[in-house]
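Chain residues, written in single-letter form:
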Amino acid sequence: MTSAIALNGVRKDFGTFTALSNVSFDIKDNEFFTLLGPSGCGKTTLLRLIAGFEDTTAGTIHLYGEEIENLPPNKRPVNTVFQNYALFPHMNVAENIGFALKMLGWTKTDITLRVAEMVEMVQLGQFVHRKPSQLSGGQQQRVALARAMAPKPKVLLLDEPLSALDLKLRQEMRTELKRLQRETGITFIFVTHDQEEALSMSDRIAVMSSGAVQQIGSPNQIYENPANRFVADFIGETNLIASRVDTADGMNVVCSLADGEVLTALANSPLGPGTTGVVSIRPESLTVTKTAPKGESLRGTLGDAVYLGTDTQYTVQLAKELTLKVRMQNQFIASQALAKGDPVFVSIADGAARFLVD
Amino acid sequence: MAAGTGSGRTVSATFSPVRGWLLLPSWLVIGIFLLVPVLLMLVYSFLTKEFRGGVIWEFSLAAYDQFVFDRGLFGDDPPKIEWAYITIFVRSILQALGATVLCLLIGFPTAYFIATRPANTRAIWLFLVTIPYWVNLLIRTVSMKFLIRDNGPLNEALLAIGVIDAPLQLINTNFAVQLGLFYSYLPFMVLPIYASVERYNFALSEAASDLYAPKWTILRSILLPVVKPGIIAGCILVFVPSLGAFLAPDLLGGAKTFMIGSLIEEQFKGNAGNWPFGAAASMILLSMVLVVLLFYARAQSREQT
Amino acid sequence: MNRRFDIKHYQGFLAITCLCLFILYAPLIIVMIYSFNDSASITNWGGFSLRWYADVFTGPESEKFKLAAWNSLSIAVMAATVATTVATAAAIGMIRGGQFRGKSASFALISLPIMVPEIVTAVATLIFFSTIGFKLGTLSILVAHIVFCIPFAYLPISARLQGIEASYEEAAQDLYADRWRTFRYVLMPIMWPGILSGFLLAFIISLDDFIITNFIKGAGIETLPTAIFGSVKQGIKPNIMALSTLLLLFSIALVTLSYFIGKRGQEPYPTD
């Protein structure tokens, strides 16, 4: 099946500033695809290039096989849900939703039918005659969604649509959006800086930073097997320990840390001895014990403990500048009577350590 | 610098492909009917005058010469300085300066006062100050004339109270013209200063007071420097129109208070006119105004670097 | 708050403000009062009367004034309409046209009529019309008025447009509207208070103009300001005061209208 969106060598400069450099990847049909990254990484720029609000400096964009990067936005069968909704303030809900259909020349009857369908889909039946200023944030958001979906776009672009909503509403909308995507089968391209959102909603995520794509994969892949230091650090929490490869056996490496201690880790590709990098271990993959555990472990001194309800997060001081964050569920801690200053052992869950090249 | 679509961008390129067409009408209208005429006027100032108004298309510096020198009607007498026109120009500058100072003295406290009112009354005060501007300048000047003339209400009132014994000769004096200019352009001084003071952060004054500064020192050393751009804008907005004013000197003044505006107007009336001279006088006035504006623009850009 | 501890309070500023307002309104109010003066002399109060208002509409000079008023109003409407259209197009070009060479030159050109002293504009325009042999009359006045009305219309329109986020237009284009329909269905409905304000401003400016009109009107035509001026030159007569009062009230009514339209335009609409 042809990709919904195929980006090839896409580059965007604003004067001397490069917002996107050489972006190339495909987005599949019927996919919930997320562009994730910190502000300034280029994710919104990329979305606007696909929508047509900016011109590419270089590269091509294909929509189901057709080149679109030279088409103006009103000629691309792609619609956008704007971050601030951009609902036309002088039109009511029904007129907003029907706007594109009017522009496309649909008959009055068809427009009325489709608008009713969309209103039903987002459950705003009683608000049809209200103006945007008379709606709550969540309701405005749903109108924006309905408006963008009414003309049956091939791809729907969503620019941080949930960022203005409060937490509870945001969580509800996440489920809603996921459901809508499944039901309609339209490819969604979703932009966010919130990794929890990305992880919970996406089929695949593209993690971006400084105008380049760092990694593309499923939420699980991104979390468990980060491709580089940035991704490991940006997604969830992790410990990053500087180290060097001693010996390697395919993707399994044995590496030594600054203080001499030794670890086994998994790399993303075959490496040679002497390669420098960081070992990434998520805090929940570490366990603190007072007595030496079976298998390899690191020795250190227990520092502060932060109680978080279900977990407690410990800081363990290994060597001079090396501290680890360890997260353990409280049900497993009670038995141990750990106190600040105690000498402790830190063990790593099997296969949890990742070696990332610098 | 990916500008998000929710970031509130209001200057954008949504209509850029057609901007040429959009700007064309204004370029044509102002270009043809103002820019070209001004250039033509420049040309005219270097032509020879025709006796019944209009010009002979012959190059001559007579118009500019006439300002400064009195060449005499005959012979090769050495040129004597003609003071009449120079006096008029100097008087105009002084009048404009006087009007500016007057507007500043009254306008600054007014603007400050209005800007420090609570938000709901502020709009009303502002509205009250601006309404007179919207009345036709001619009518305003006429009403001022009506008020201060020899047997006008002002003199009658002063006589009645007994402050004076005989009516004050207010009309046809420099003072009357000053008053007229002040009256015409006062709102132009108030509005920019108001805008500046309104944006002023009074926490600065509070900080100064906390550090033992007395009130008037605060005004002088803290508020005024911050509000300076508004004050300068106001001064320019009063000075420039006052320089070339016609109505106030014409209706309120007399032969002794002749200003540039009246001088120029005279050149184009009927048969006594001297078109190149009038054009030259206009050019000189325009140059003075442009110099002032240029200084202002440069001061602005230096402020911003 | 106790005055002495109000950091914003300065002694005497209230008094000066009141003085300022007094100076601004006194001449106008005096004229208004005397317009009701029953006596034919303008110096003595003869009792309240509306005779001068009647005189304006039916007296010996009424024909002249009516014609002048008609000229003023019709020229003002036409000039304001053309100026507003040109200014709207220019505002969209400047504010939604992206960056381009000549942008500051365009802005300078649009502001030019305000920068040039009125008398200079008057002289230059007279010289221009005279050189090309353009007959002086209603049309010459109209053309000159259009020129200086453009920047006055431009100011409120551009101010309004600058307060409107570009995302509405982007949304419209995203939803398949071409540029004209984006303007017609989205931009103009949101902009209209600014456009109307610009129209009213241009209208008032044209109605009130004296200096330029006086210079280039030629011998046969009078507008209301030039007619009043001509009459005043012969001495201030009571019917002039009545006429002035009428004109004064008319201007104030228009300004108040413009103000309320401007306020309505600031009604909050969703910007987030």
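The preceding data block contains the structure.
Residues numbered from 1 in each chain as written. Chains lettered and ligands numbered in written order. Predicted model: local features only at pLDDT ≥ 70, side-chain atom pairs only at ≥ 80, totals over all residues. Heavy atoms only, no water.

## Notes on the overall build of chain B
Then, in step 1: If you tally the helices and strands in chain B, you get twelve helices and four strands.
Then, in step 2: Taken over C-alpha atoms, the radius of gyration comes to 25 Å for chain B, far larger than the 19 Å a tight globule of 305 residues would show.
Then, in step 3: Dimensions along the principal axes, computed over C-alpha positions, put chain B at roughly 75 × 70 × 35 Å.
Then, in step 4: Taken across its 305 residues, chain B has 49% of its residues classed as buried. (Helix = DSSP H or I, 4+ residues; strand = E, 2+ residues; numbered from the N terminus. Rg over C-alpha atoms; globule rule 2.2 N^0.38 Å. Buried < 20%, exposed > 50% of the residue type's maximum accessible area, 1.4 Å probe, protein only.)

## Structural notes on the interface of chain B and chain C
Then, in step 1: Of the residues lining the interface, 91 residues belong to chain B; the matching set on chain C comes to 99 residues.
Then, in step 2: Summing both partners gives a buried area of about 8700 Å² for chain B against chain C, and 78% of it is carried by carbon and sulfur.
Then, in step 3: Considering only the surface of chain B that becomes buried against chain C, F15, W134 and F146 of chain B emerge as the three largest contributors, covering 9% of it.
Then, in step 4: One salt bridge connects D250 of chain B with K233 of chain C, and the closest N-O pair in it is separated by 2.7 Å. (Contact = heavy atoms within 4.5 Å. Buried area = accessible area lost by both parts, 1.4 Å probe. Salt bridge = Lys/Arg side-chain N within 4 Å of Asp/Glu carboxyl O.)

## Focus on the sheet that holds strand β4 (residues 58-63) of chain A
Two orientations exist for strands paired in a sheet by backbone hydrogen bonds: parallel and antiparallel.
All names here are of chain A.
Then, in step 1: Overall, antiparallel pairing links the four strands, which are arranged β2-β1-β4-β5 in an open sheet. The open sheet has two free edges, formed respectively by β2 (17-27) and β5 (66-67), since each of these has just one partner strand.
Then, in step 2: The pairing of β4 with β5 spans two bridges and is classified as antiparallel. The partner of H62 across the bridge, within β5, is E67.
Then, in step 3: Contacting β1 (5-14), β2 and β4, helix α1 (residues 43-51) runs over the sheet at an angle of about 115 degrees to β1. (Pairing = 2+ DSSP bridges. Axes fitted to C-alpha atoms, helices over the stretch in contact; angles between N-to-C directions.)

## Describing the side chain of T14 of chain B
Then, in step 1: With respect to the helices and strands, the residue T14 of chain B is situated in the segment before α1 (19-44).
Then, in step 2: Owing to a relative accessible area of 9%, T14 of chain B belongs among the buried residues under this scheme.
Then, in step 3: Here E169 of chain C takes part through its side chain, which lies 2.6 Å from a polar atom of the side chain of T14 of chain B.
Then, in step 4: Setting aside residues no more than four positions away along its own chain, T14 of chain B makes contact with R96, E169, E170, Q173 and R179 of chain C. (Polar contact = N/O pair within 3.5 Å; in protein donor to acceptor, adjacent residues only side chain to side chain.)

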